Amino acid sequence: VPEVAGQEESEPTSSEPVAPTQEVIQPDPADPVDNIDPEMAEIFLEEGEDILEASGVHLEHWIAANDASDLPALQRQLHTLKGGARMCGAQTIGTLSHELEYIYEGLINGKYKRSPALVTLIQQSHDQLQTMLDDLKQGGAISSAAGILRKLRCFRSTGTVSDERISEPKGA
């Protein structure tokens, strides 16, 4: 805590909370909670696999050729994936798709610039979406996307990619 000139730092009293020695990370109230509808999930999985396959082709081409014409297709594909995921109750997949959709929109309108770190973050996000779709297909808990969501949100607010670890155990 920076000291203000002319003021002395006061000792905490028993009524003042003492800062913990280790940061406690509270869940973000905006983080999604899944409530899967099995019938809708079956329909979504068919569409989701096709979408991720098509977006993978566009992503690979954008990375290799730096062709901005791939970005609108990627944005549309993520928008469609988001809608299908939310309809079947896979909110974690929908939220991650939504964050990626924002990134593509920012790249399209020039708000964000391509960088090696951003390309890596986007690739990791697509890999995470595939893992989550695989989890849904297997009927288990969908892997947490909290770490990658933090990185995407950090990028959107600061324009830089953080170095924090993004892999997390299922159900975390």
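Just so it is clear, the model here is predicted, and its values are computed rather than measured.

Thresholds applied
- Residues numbered from 1 in each chain as written.
- Predicted model: local features only at pLDDT ≥ 70, side-chain atom pairs only at ≥ 80, totals over all residues.
- Heavy atoms only, no water.
- Phe/Tyr/Trp six-rings, centres within 6.5 Å; stacked < 30°, edge-to-face > 60°.
- Helix = DSSP H or I, 4+ residues; strand = E, 2+ residues; numbered from the N terminus.
- Buried < 20%, exposed > 50% of the residue type's maximum accessible area, 1.4 Å probe, protein only.
- Axes fitted to C-alpha atoms, helices over the stretch in contact; angles between N-to-C directions.
- Parallel < 35°, antiparallel > 145°, perpendicular 65-115°, else oblique.
- Left-handed = near helix turned anticlockwise from the far one by under 90°.
- Nonpolar A, V, L, I, M, F, W, Y, C, P; charged D, E, K, R; others polar.
- 1 Å grid on protein atoms, 1.4 Å probe; cavity = no way out; pocket = protein on both sides within 12 Å on 5 of 7 lines; lining within 4 Å.
- Points joined across faces, edges and corners; volume = space filled by probe spheres on them.

A. Expanded view of the packing of aromatic side chains. Within this structure, the stated rule accounts for one aromatic pair. Aromatic pair Tyr 112 and Phe 155: ring centres 4.8 Å apart, planes at 55°, arrangement tilted. Of this pair, Tyr 112 sits in the loop between α3 (91–108) and α4 (116–138) while Phe 155 sits in helix α5 (residues 146–158), placing them 43 residues apart in sequence. Classification of Tyr 112 as buried rests on a relative accessible area of 9%.

B. Spotlight on the packing of helix α1 (residues 38–65) against helix α2 (residues 70–88). Packing of α1 against α2 leaves a shortest axis separation of 9 Å and a crossing angle of 160°. Judged by the inter-axis angle, α1 sits roughly antiparallel to α2. In this structure, α1 crosses over α2, and the sense of that crossing is left-handed. A per-class count over the contact of α1 with α2 returns 16 nonpolar, seven polar and two charged.

C. Fine view of the layout of surface pockets. Estimated volume of the second largest pocket: approximately 160 Å³. Considering the residues around the second largest pocket, the lining is formed by Leu 52, Glu 53, Ser 55, Gly 56, Leu 59, Glu 60, Ile 63, Gln 123, His 126, Asp 127 and Gln 130. Contributions of two or more residues to the lining of the second largest pocket are made by α1 and α4. With seven residues, α1 is the single largest residue contributor to the lining of the second largest pocket. Its residues assigned to classes, the lining of the second largest pocket comprises three nonpolar, five polar and three charged.

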